[in-house]
Amino acid sequence: MMFFMDLTNCKKLAGEKAASLIKPNTIVGLGTGSTATFFIQKLVELCQNGLKIQAVPTSENSFRLAAAGNIPLIEINTITAIDTYVDGADEIDPHKQIIKGGGGALLREKIVATMSKETIIIVDESKQVKRLGNRPLPVEILPFGHTAILQQLQLLGYTGVLRHTPNKELFVTENNNLIYDVHLTTTQNNPLFHHQQITSIPGVVDTGFFLGLADRVITAFLDGQVIIN
Ligand code: 5RP
């Protein structure tokens with residue numbers, strides 16, 4: 001029987017599927033965003049039913065959700081490895097190359113992904129793209145000298161906008177940095193090259209390209225299918 005859902009339900013399905021894969025007595029990285037929230041909410045439920053894990057959040061928001069649900073949290077600087085990290089994505093291509101950072105948590109997310117033995121990406125079908133770049137590429141930059149940093153990025157062909165809050169104030173990350181959202185052109189289609197070129201500028205902290213970091217991808221479709229690749 002076919003049944004149809006909306007994208008929010010897809011996010012929930014993907015998040016809950018990922019939670020069902022979490023093994024007892026492991027350290028779990030908690031992603032950030034609306035899809036990761038569904039994962040954390042299901043994890044809260046599983047922990048209340050006896051699942052024993054420790055978790056590392058990638059943002060204040062995920063910290064609050066986990067703490068409110070009594071998921072045991074572990075201070076990141078007391079460990080050097082995480083078993084499983086689960087997070088959403090803004091775009092994912094057929095090679096599991098990803099753009100993240102729509103929520104501005106890309107730097108902590110990448111640190112946690114790099115520390116993790118396994119990274120599971122959870123997405124609804126709208127996040128699938130043939131080629132990265134339909135949505136902006138977030139670039140985290142230092143506030144110090146940012147006018148010159150932006151000029152260097154623009155001279156290299158990276159046009160974009162400094163991210164602002166809905167109140168029109170500069171968006172500041174939890175690491176006290178700024179986000180420059182780059183609009184990639186169709187010819188800027190080599191993620192590794194552009195990641196390397198952008199991060200070679202002093203003052204650029206990182207890009208939202210997550211390359212070679214996703215181990216498994218859980219995609220939920222509007223017809224109710226959930227596929228793990
Ligand atoms: C936050 C992220 C998110 O994972 C990404 O923006 C996807 O968000 P959502 O699940 O709300 O669609 O990278 O920095």
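Everything here concerns the structure above.
Each value, and the rule that gives it
- Residues numbered from 1 in each chain as written.
- Predicted model: local features only at pLDDT ≥ 70, side-chain atom pairs only at ≥ 80, totals over all residues.
- Heavy atoms only, no water.
- Helix = DSSP H or I, 4+ residues; strand = E, 2+ residues; numbered from the N terminus.
- Rg over C-alpha atoms; globule rule 2.2 N^0.38 Å.
- Contact = heavy atoms within 4.5 Å.
- Areas by Shrake-Rupley, 256 points an atom, 1.4 Å probe, with all protein chains shown as cover.
- Buried < 20%, exposed > 50% of the residue type's maximum accessible area, 1.4 Å probe, protein only.
- Arc of directions from axis to C-beta.
- Pairing = 2+ DSSP bridges.
- Core = buried A, V, L, I, M, F, W, Y, C linked by side-chain atoms within 4.5 Å.
- Near = heavy atom within 4 Å.
- Polar contact = N/O pair within 3.5 Å; in protein donor to acceptor, adjacent residues only side chain to side chain.
- Nonpolar A, V, L, I, M, F, W, Y, C, P; charged D, E, K, R; others polar.

> Help me out: how do you make sense of the overall build of the chain in this one?
Scanning the chain from terminus to terminus reveals six helices and 13 strands. In terms of overall dimensions, the chain is globule-like: its C-alpha atoms have a radius of gyration of 18 Å, near the 17 Å expected for 229 residues. Its C-alpha atoms put the chain at 55 × 45 × 35 Å along the principal axes. Across the chain, contacts joining residues at least 24 apart in sequence account for 74% of those joining residues at least 6 apart. Carbon and sulfur atoms make up 55% of the accessible area of the chain, which totals about 11,200 Å².

> For this particular structure, what's the right way to read helix H5 (residues 146-155)?
Each α-helix turn comprises 3.6 residues. Residues three or four places apart therefore point the same way. Among all positions of H5, only Ile149, Leu150 and Leu153 are buried. The buried residues of H5 occupy an angular sector of 100° when the element is viewed end-on, so they sit on one face. Along H5, exposed side chains directed more than 90 degrees from the buried face belong to Thr147 and Leu155. Phi turns positive one or two residues past the end of H5, at glycine 157, with a value near 95°.

> Even after reading the chapter, I still don't get the pairing of strand S3 (residues 82-87), so can you show me in this structure?
On a regular strand, each side chain points to the face opposite its neighbour's, so the side chains alternate between the two faces of the sheet. Across the six residues that make up S3, a large majority, five, are buried. Sheet topology places strand S1 (residues 26-30) next to S3; three bridges connect them, and they run parallel. Among the inter-strand pairings, glycine 29 is bridged to a residue of S3, identified as tyrosine 85. With five bridges connecting them, S3 and strand S6 (residues 116-124) associate as parallel partners. Looking at the pairing, tyrosine 85 lines up with threonine 119 of S6.

> Explain the nonpolar core here, please?
Soluble, globular proteins show a tendency: their nonpolar side chains are buried together. Judged by nonpolar contacts, the single largest core of 23 residues is most densely connected at Ile22, Leu30, Phe39, Leu43, Ile53, Ile71 and Ile122. Here this core gets five residues from one element, more than from any other, and that element is helix H2 (residues 34-48). Of all hydrophobic cores here, the second largest spans 21 residues; its members include Ile27, Leu106, Met115 and Val217.

> Got a minute to help me understand the site of the ligand in this structure?
What surrounds the ligand is a group of 17 residues, the closest being Ser34, Thr35, Asp90, Gly101 and Lys127. At 3.4 Å, a side-chain N or O of aspartate 87 approaches an oxygen atom of the ligand. Glutamate 109 has a polar side-chain atom sitting 3.2 Å from an oxygen atom of the ligand. Across the complex, the protein chains shield 91% of the 380 Å² of accessible surface that the ligand would expose by itself. Of the residues in the shell around the ligand, the class split is two nonpolar, nine polar and six charged.

> Help me out: how do you make sense of the side chain of asparagine 177 in this one?
Along the chain, the position of asparagine 177 falls in the loop between strand S8 (160-162) and strand S9 (178-182). Within the structure, the side chain of asparagine 177 is placed 3.0 Å from the side chain of glutamate 140, a separation counted as a polar contact. Setting aside chain neighbours within four positions, we find asparagine 177 in contact with Glu140, Ile141, Leu142, Pro143, Phe171, Val172 and Val205.

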